[in-house]
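# Observations on the three-dimensional arrangement
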Amino acid sequence: MKFRFSPAQLQKMYDNPWLTDRERSVFDLYYRRGWAIEDVAAELYVHRNTVNNVLKSIRQKCIDLI
């Protein structure tokens, strides 16, 4: 399921101080560049499920901001 956020919401999410370096990397590749989960996983040398878990973590940390 693809979540759609406005550019303003994405900027608020990216500026969240609680995001880790990995979460910022995944955020940049997936939301800003529009890459597929498989491509993000290949770029970061992690499993596809790891990317899914990171995206879930990003959404949970940023739910109050959007």
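All of these numbers come straight from a predicted model, not from anything done at the bench. (Residues numbered from 1 in each chain as written. Predicted model: local features only at pLDDT ≥ 70, side-chain atom pairs only at ≥ 80, totals over all residues. Heavy atoms only, no water.)

### Some words on helix H3 (residues 37–44)
The following threshold applies: Throughout this description, buried means an accessible area under 20% of the type-specific maximum (1.4 Å probe, protein chains only), exposed means over 50%, and partly exposed covers the range between. Only DSSP runs of H or I reaching four residues or more are called helices, and only runs of E reaching two or more are called strands; each is numbered from the N terminus. In this description, one arc is meant: the one made by directions from the helix axis to the C-beta atoms. Two residues form a contact once any of their heavy atoms are found within 4.5 Å.
If you check which residues of H3 are buried, you get Ile-37, Val-40 and Ala-41. Buried residues in H3, looked at end-on, bunch into an arc of 100 degrees, giving them a common side. Along its buried surface, H3 packs onto helix H2 (21–32) and helix H4 (48–62). Where H3 ends, the next residue or the one after it, Tyr-45, has phi of about 55 degrees, a positive value.

### Describing the packing of aromatic side chains
The cut-off we apply is this: Any two rings among Phe, Tyr and Trp, with Trp reduced to its six-membered ring, count as a pair given centres within 6.5 Å; such a pair is stacked if its planes are under 30 degrees apart, edge-to-face if over 60, and tilted if neither. Remark: a charge is flagged as sitting over a ring if the NZ atom of Lys or the CZ atom of Arg is within 6 Å of the ring centre and within 35 degrees of the ring normal.
Applying the stated criterion across every chain yields a total of three aromatic pairs. With centroids separated by 5.6 Å and ring planes inclined at 40 degrees, the aromatic side chains of Tyr-14 and Phe-27 adopt a geometry described as tilted. Of the two residues, Tyr-14 sits in helix H1 (residues 7–14) while Phe-27 sits in helix H2, which places them 13 residues apart along the sequence. Here Phe-27 falls in the buried class, since its relative accessible area comes to 0%. Relative to Tyr-31, the ring of Phe-27 has its centre 5.2 Å away and its plane inclined at 50 degrees; by these criteria the two rings are tilted. Here Tyr-31 and Phe-27 lie together in helix H2, a separation of four residues that amounts to about one turn. Given a relative accessible area of 12%, Tyr-31 falls into the buried group. Over the ring of Tyr-14 we find Arg-24; its NZ or CZ atom is 5.4 Å from the centre of that ring. If you follow Arg-32 out to its NZ or CZ, it ends over the ring of Tyr-14, 4.0 Å from the centre.

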